[in-house]
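Per-entry structural report
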Amino acid sequence: MRQTLAALLSGVLFSVGLVVSGMTQPAKVIGFLDFAGDWDPSLVFVLGAAAAVYFVGLRFAKRHRPGRLQLPTRSDIDVSLVAGAALFGIGWGLAGYCPGAGIASVGAGSSSALTFIVAMSVGMAVHHVVVVRRAHHVLLQRRSGHA
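Attention in this report is confined to the structure presented alongside it. This structure is a prediction, so every number in the text was calculated from the model and none was measured.

**Some details on the overall build of the protein**
Within the protein one finds 6 helices and 0 strands. Secondary structure of the protein in N-to-C order comes out as α-α-α-α-α-α. For 147 residues, the compact-globule estimate of 2.2 N^0.38 gives 15 Å, and the protein exceeds it by more than 25% at 19 Å. Each of the three principal axes of the protein carries a C-alpha extent, and together these read 55 × 40 × 30 Å. Counting only residues that meet the buried cut, the protein has 16% of its 147 residues in that class. Once local pairs closer than 6 in sequence are excluded, the contacts in the protein between residues at least 24 apart make up 35%. As presented, the protein carries roughly 11,300 Å² of accessible surface, and 69% of it is formed by carbon and sulfur atoms. Averaging the coordinates of the 12 positive side-chain charges in the protein and doing the same for the 5 negative ones gives two points 23 Å apart.

**Topic: the nonpolar core**
The nonpolar side chains of a soluble globular protein tend to be buried, and buried together. Formed by Leu18, Met23, Val29, Phe32, Leu43, Trp92, Cys98, Ala101 and Ala104, the largest nonpolar core amounts to 9 residues. In this structure Phe32 touches Trp39, Asp40, Pro41, Leu43, Val44, Leu47 and Trp92, once residues within four positions along its chain are discounted.

**Some remarks on the environment of Ser10**
Mapped onto the elements, Ser10 comes out in helix H1 (residues 2-21). Separated by 2.9 Å, the side chain of Ser10 and the backbone oxygen of Ala6 make a polar contact.

**Things to note about helix H2 (residues 26-33)**
Those residues of H2 lying buried are Val29, Gly31 and Phe32. Buried residues along H2 cover an arc of 160 degrees about the axis, so they all sit on one side. Packed against the buried residues of H2 are helix H3 (43-64) and helix H4 (79-95).

**Some details on the packing of H2 against H4**
Axis separation between H2 and H4 bottoms out at 8 Å; the angle between their running directions is 125 degrees. The angle between H2 and H4 falls in the class oblique. Along its contact with H2, which presents Pro26, Val29, Ile30, Phe32 and Leu33, the element H4 presents Trp92, Gly93, Leu94 and Ala95.

**A word on H1**
In this model H1 runs 28 Å from its N-terminal to its C-terminal C-alpha over 20 residues, within 8% of the 28 Å that 1.5 Å per residue would give. Just past H1, the residue Gly22 takes up positive phi, approximately 90 degrees.

**Thoughts on a nonpolar patch on the surface**
A cluster of nonpolar side chains, contributed by Val106, Leu114, Val118, Val122, Val126, Val129, Val130, Val131 and Val132, occupies part of the molecular surface with about 690 Å² of accessible area. With 8 residues, helix H6 (residues 111-144) is the single largest residue contributor to the nonpolar patch. Within the secondary structure, Val130 sits in helix H6. On the basis of relative accessibility, which here comes to 48%, the residue Val130 falls in the partly exposed class.

**What about the environment of Gly11?**
Tracing the backbone shows Gly11 in helix H1. The exposure class of Gly11 is partly exposed, given its relative accessible area of 32%. Residues Gly11 and Gly100 lie 89 residues apart in sequence; the distance between their C-alpha atoms is 9.4 Å.

**Considerations on the side chain of Ser105**
The topology assignment puts Ser105 in helix H5 (residues 99-107). Setting aside anything within four residues of it in sequence, one finds Ser105 in contact with Thr24, Tyr97, Ser110 and Ala113.

Conventions adopted
- Residues numbered from 1 in each chain as written.
- Predicted model: local features only at pLDDT ≥ 70, side-chain atom pairs only at ≥ 80, totals over all residues.
- Heavy atoms only, no water.
- Helix = DSSP H or I, 4+ residues; strand = E, 2+ residues; numbered from the N terminus.
- Rg over C-alpha atoms; globule rule 2.2 N^0.38 Å.
- Buried < 20%, exposed > 50% of the residue type's maximum accessible area, 1.4 Å probe, protein only.
- Contact = heavy atoms within 4.5 Å.
- Areas by Shrake-Rupley, 256 points an atom, 1.4 Å probe, with all protein chains shown as cover.
- Lys, Arg positive; Asp, Glu negative; His and termini not counted.
- Charge placed at Lys NZ, Arg CZ, Asp CG, Glu CD.
- Core = buried A, V, L, I, M, F, W, Y, C linked by side-chain atoms within 4.5 Å.
- Polar contact = N/O pair within 3.5 Å; in protein donor to acceptor, adjacent residues only side chain to side chain.
- Arc of directions from axis to C-beta.
- Axes fitted to C-alpha atoms, helices over the stretch in contact; angles between N-to-C directions.
- Parallel < 35°, antiparallel > 145°, perpendicular 65-115°, else oblique.
- Expected span 1.5 Å × (residues − 1).
- Patch = residues over 30% accessible without salt bridge, like charges linked within 9 Å, V, L, I, M, F, W, Y side chains within 5 Å.
- Salt bridge = Lys/Arg side-chain N within 4 Å of Asp/Glu carboxyl O.

Right, here's the structure in full:
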């Protein structure tokens with residue numbers, strides 16, 4: 001129950017931060033991403049604050065929960081990482097929503113955010129079917145000696 005309450009409070013705080021910073025306003029986000037046009041640099045402070053909170057939180061978690069913290073072990077940059085980052089950036093630039101802001105905006109009754117969340121969910125499902133299941137199939141073939 002305590003973990004659930006902590007997760008709920010964290011989610012509420014995150015949503016409030018998104019709303020206060022303007023990250024739930026697609027026009028503001030698109031203005032931030034429009035370097036060639038009328039660039040709005042105000043979201044740099046939001047991103048900087050997020051990085052600072054993550055930096056402090058990570059140090060805290062490493063110190064107080066060393067056995068429970070799972071960090072990525074890979075550090076290489078591959079095609080999947082670059083393609084995923086590009087796809088995320090293109091979607092963010094076109095829609096003006098990232099996943100967190102989209103979900104928060106759905107809670108506020110935004111139909112455009114709902115469209116974004118549905119499209120994102122479909123994309124995640126397609127990725128799962130095409131990439132994850134294919135990788136699982138290849139792994140099973142290798143284990144059985146048919147590859």
